[in-house]
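Examining the three-dimensional arrangement
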Amino acid sequence: MTKRLVSIGEAMIEMSGGEDRSYRLGFAGDTFNTAWYMKALLPEGWQVDYVTALGDDLYSAQMRAFMDGAGIGTSHIQTIPGRRPGLYMIHQQDGDRHFTYWRGQAAARMMAEDRSALEAALAGADMVYFSGITLAILHPRARGRLMKAIVAARDAGARVAFDPNVRPALWTSQAIMASTLTAAATIADVVLPTHSDEKPIFGDADPEATAQRYRDIGVDEVVVKNGAEPALVVGGGSSVLVPATRPERIVDATAAGDSFNAAYLSARIAGASPEDAARAAHRVAGIVIGHKGALIDPELVR
Ligand SMILES: O=C(O)C(=O)C[C@H](O)[C@H](O)CO
């Protein structure tokens, strides 16, 4: 029987490149990026669905067609009349990628208004994936609705994976961000944080402290990413540091973490140990950062 991964969040119009003011238009967004790479990497028999809300404009239609063309399920994407997708531009500065957003009015902000649409989207999921960005863009009441629907899916047998994906610019306060991300982690089986993002928010001294904080609230499996430093994988009675392979070239680090998560989760689903899954994840992230924009040709990561 077909298994179903449901990824929930916001996909945007992405402008990458920018040399000579020339940009490449793409479609991306953290949870969509992970869905894209999971579509490439999951074993046979898995269907990938993306859950969000789009508008009824030209770019929403193009984005939906792009997802359909990639074989990512769009049947649970809601349409909000009069709204449009958000947009972000990437620029490189001080050796890292930076994002500038236009997303305040994005349709995706409305994706958790309709409780029954949300429940239908999650029904029968075998794995649910969401992030701190998924929550950040929603009205606080809608965050509660979404988490409730995820808990229901989990009670019905889904495994839940969560990347806190800290983006302080999207939250009204650091305190609300920290408490919401922590609450979200309590409904997840696998949490995939990035140490350097979490350190300034939670005061974690090292990756071990980041992992322990999530273990202390009952998370089964914690995978702490740390840029080019080794990833720390804690769970199932073991704790392993897995070094990153040196990438051939670094062009644009956009979606490094999202593709890492996709490769990690896909490998775990295929039966790999946490350590081997983290190795596979480093490999894929190392390829993705050699290219502009979030999404690269799936053939390059298989
Ligand atoms: O920052 C966001 O909200 C995005 O989704 C843009 C990028 O694709 C994402 O951050 C990469 O992780």
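Since the model is a prediction, treat every value here as computed from it, not as a measurement. (Residues numbered from 1 in each chain as written. Predicted model: local features only at pLDDT ≥ 70, side-chain atom pairs only at ≥ 80, totals over all residues. Heavy atoms only, no water.)

1. Some details on the packing of helix 3 (residues 115–122) against helix 5 (residues 140–155)
Where helix 3 meets helix 5, the axes come as close as 10 Å, and the angle between the chain directions of the two elements is 30°. Of the two elements, helix 3 crosses helix 5, and the hand of that crossing is right-handed. Across the interface between the two elements, Arg 115, Leu 118 and Leu 122 of helix 3 pack against Arg 145, Leu 146, Lys 148, Ala 149, Ile 150 and Ala 153 of helix 5. Here the residues of the contact of helix 3 with helix 5 are counted per class, giving 6 nonpolar, no polar and 3 charged. (Axes fitted to C-alpha atoms, helices over the stretch in contact; angles between N-to-C directions. Helix = DSSP H or I, 4+ residues; strand = E, 2+ residues; numbered from the N terminus. Left-handed = near helix turned anticlockwise from the far one by under 90°. Contact = heavy atoms within 4.5 Å. Nonpolar A, V, L, I, M, F, W, Y, C, P; charged D, E, K, R; others polar.)

2. Structural notes on the confidence of the model for the protein chain
Per-residue pLDDT for the protein chain averages 97, and the proportion of residues at 70 or more is 100%. Within the protein chain, the element-level pLDDT minimum falls on strand 8 (residues 96–102), averaging 94, and the maximum on strand 9 (residues 127–131), averaging 99. The complex model carries a pTM of 0.98, and its ipTM stands at 0.97. (pLDDT = per-residue confidence, 0-100.)

3. Description of the nonpolar core
Grouped together as the largest cluster of nonpolar side chains are 51 residues, with contacts concentrated most on Leu 5, Phe 32, Tyr 37, Met 67, Leu 192, Tyr 264 and Leu 265. Look past the residues within four positions of Tyr 264 in its chain and what remains in contact with it is Val 190, Leu 192, Glu 221, Val 223, Val 233, Pro 274, Ala 277, Ala 278 and Ala 281. Within the second largest apolar cluster, 48 residues are counted, among which are Leu 122, Ala 125, Ile 150 and Val 222. (Core = buried A, V, L, I, M, F, W, Y, C linked by side-chain atoms within 4.5 Å. Buried < 20%, exposed > 50% of the residue type's maximum accessible area, 1.4 Å probe, protein only.)

4. Considerations on a nonpolar patch on the surface
A cluster of nonpolar residues, Leu 25, Leu 58 and Tyr 59, forms a patch on the protein surface that exposes about 290 Å² of accessible area. On the basis of relative accessibility, which here comes to 36%, the residue Tyr 59 falls in the partly exposed class. (Patch = residues over 30% accessible without salt bridge, like charges linked within 9 Å, V, L, I, M, F, W, Y side chains within 5 Å. Areas by Shrake-Rupley, 256 points an atom, 1.4 Å probe, with all protein chains shown as cover. Salt bridge = Lys/Arg side-chain N within 4 Å of Asp/Glu carboxyl O.)

5. A look at the pattern of salt bridges
Going through the model one piece at a time under the given rule, you end up with 14 salt bridges. Here Arg 159 and Glu 221 are joined by a salt bridge, their closest N and O atoms 3.2 Å apart. Pair noted here: Arg 159 is in strand 10 (residues 159–163) and Glu 221 is in strand 12 (residues 221–224), with a separation of 62 residues, a long-range link. Overall, the relative accessible area of 5% leaves Glu 221 in the buried class. With a closest N to O distance of 3.9 Å, Asp 276 and Arg 279 form a salt bridge. Of the two residues, Asp 276 and Arg 279 are both situated in helix 10 (residues 274–288); the distance of 3 residues between them amounts to about one turn of the helix. We classify Asp 276 as partly exposed; its relative accessible area is 44%. Its relative accessible area of 39% is what places Arg 279 among the partly exposed residues. Look at the salt bridges and you will find they share partners, linking Arg 159, Asp 220, Glu 221 and Arg 268 into a network.

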